[in-house]
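An overview of the molecular structure
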Amino acid sequence: MAFTARNPDVSRKVAVRRRLAAGAAALVVTGAGLALRAGATGDAAKYGGDALYTLLVLALVVLAAPRTAALRACAVAPAVSWGVEFLQLTELPADLSRRSTVARWVLGSTFNAPDLFWYAVGAAAGWLVLTVRKRRRHALSLAEPIEFR
């Protein structure tokens, strides 16, 4: 069977593989974020965490919608991150962050304009990974086996 979008069996297998990869990426990014938080200080921890936050959102977008195009997923991730950042201009995230550690991790508490740039950096890094992975997979699918006679 040819690999086409019209082939539902292949399409399902690709979606499952993308979901597994996205789930693994979410775990790796979460681990990296926790390690960064535990081991680094200052701007490296703050802004590295912002980029990783958007990478995590990107992984969750692909996990939820594995057939989403890479460019679209990489546009949704910073949009969500920016939405959360702009929500910090209200009192809601700060109030929830005082009540819950998880809310503090997910929503933050105070608006910081430079975070918006670092969210874009995280999305760009995610786009780069997805693009390289897609090109590599495409190149491997085009390779023909070598026959020795």
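Per chain, residues are indexed from 1 in the order of the written sequence. In keeping with the model being predicted, local features are shown solely for residues with a pLDDT of at least 70 and side-chain atom pairs are shown and tallied solely at 80 or more, while totals for entire chains, interfaces and linings include all residues. Working from all heavy atoms in the structure, the side-chain values ignore hydrogens and water.

Mapped onto the fold, Ser97 is located in helix α4 (residues 92–99). N or O atoms within 3.5 Å of each other form a polar contact, as long as, within protein, one can give a hydrogen and the other can take it, and as long as residues adjacent in sequence are counted only when both atoms are side-chain atoms. Only 2.6 Å separates the side chain of Ser97 from the backbone oxygen of Gly108, close enough to count as a polar contact. If near-sequence neighbours (up to four positions away) are discounted, Ser97 is found in contact with Ala103, Arg104, Gly108 and Ser109. Working definition: helices are DSSP H or I runs of at least four residues, strands are E runs of at least two. Numbering for both runs from the N terminus. Contact criterion: two residues are considered in contact whenever any of their non-hydrogen atoms come within 4.5 Å of each other.

Our next topic: the nonpolar core. Tyr53, Val57, Leu58, Val62 and Ala73 are the most contacted members of the largest nonpolar core, which totals 14 residues. Contributions of two or more residues to this core are made by α2 (42–64), α3 (70–87) and α6 (114–142). A total of five residues in this core trace back to one element, the largest contributor, which is α2. Ignoring anything within four residues of it in the chain, the contact list for Leu58 reads Ala73, Cys74, Ala77, Gly126, Trp127 and Leu130. In plain words, nonpolar cores are sets of buried Ala, Val, Leu, Ile, Met, Phe, Trp, Tyr and Cys residues tied together by side-chain atoms within 4.5 Å. Throughout, exposure labels follow a simple rule: accessible area from a 1.4 Å probe, protein chains only, divided by the maximum for the residue type, with under 20% read as buried, over 50% as exposed, and the rest as partly exposed.

A cluster of nonpolar side chains, contributed by Leu34, Val102, Trp105 and Val106, occupies part of the molecular surface with about 390 Å² of accessible area. The dominant element in the nonpolar patch, judged by the number of residues it contributes, is helix α5 (residues 101–107), at three residues. As for its placement among the helices and strands, Trp105 is situated in helix α5. In this scheme, patches are assembled from residues that exceed 30% relative accessible area and form no salt bridge. Like charges are connected within 9 Å, while nonpolar side chains (Val, Leu, Ile, Met, Phe, Trp, Tyr) are connected within 5 Å. Reported accessibility uses the Shrake-Rupley method at a 1.4 Å probe radius. Residues are deemed covered only where the shown protein chains occlude them. Should a side-chain nitrogen of Lys or Arg be within 4 Å of a carboxyl oxygen of Asp or Glu, the pair is scored as a salt bridge.

Time to look at the packing of aromatic side chains. Aromatic rings from Phe, Tyr and Trp, with only the six-membered ring used for Trp, were paired whenever their centres fell within 6.5 Å, and each pair was classed as stacked if the ring planes differed by under 30 degrees, edge-to-face if by over 60, and tilted otherwise. Enumeration over the complete set of coordinates arrives at four aromatic pairs. On the numbers, 5.7 Å between centres and 20 degrees between planes, the contact of Tyr47 with Trp118 is stacked. Of the two residues, Tyr47 sits in helix α2 while Trp118 sits in helix α6, which places them 71 residues apart along the sequence. Since its relative accessible area comes to 17%, Tyr47 is described here as buried. Taken together, the aromatic side chains of Tyr47, Phe117 and Trp118 make up a single cluster linked through ring pairs.

The axes used here are C-alpha line fits, helices contributing only the stretch in contact, and every angle between their N-to-C directions lies in the interval 0 to 180 degrees. Direction vectors running N to C along α2 and α3 enclose 125 degrees, while the axes themselves pass 8 Å from each other. As far as their axial angle goes, α3 and α2 are oblique. With respect to the hand of their crossing, α2 and α3 are arranged in right-handed fashion. Contact with α2, carried on its side by Tyr53, Thr54, Val57, Leu58, Val61 and Val62, involves Ala73, Cys74, Val76, Ala77, Pro78, Val80, Ser81 and Val84 of α3 and no other residues of that element. Taken together, the residues of the contact of α2 with α3 sort by class into 12 nonpolar, two polar and no charged. Working rule for angles: under 35 degrees goes down as roughly parallel, over 145 as roughly antiparallel, 65 to 115 as roughly perpendicular, anything else as oblique. Definitions for this section: a left-handed crossing has its near helix turned counterclockwise from the far helix by less than a right angle. A right-handed crossing has that turn clockwise. Put simply, Ala, Val, Leu, Ile, Met, Phe, Trp, Tyr, Cys and Pro go in the nonpolar bin, Asp, Glu, Lys and Arg in the charged bin, and everything else, Gly too, in the polar bin.

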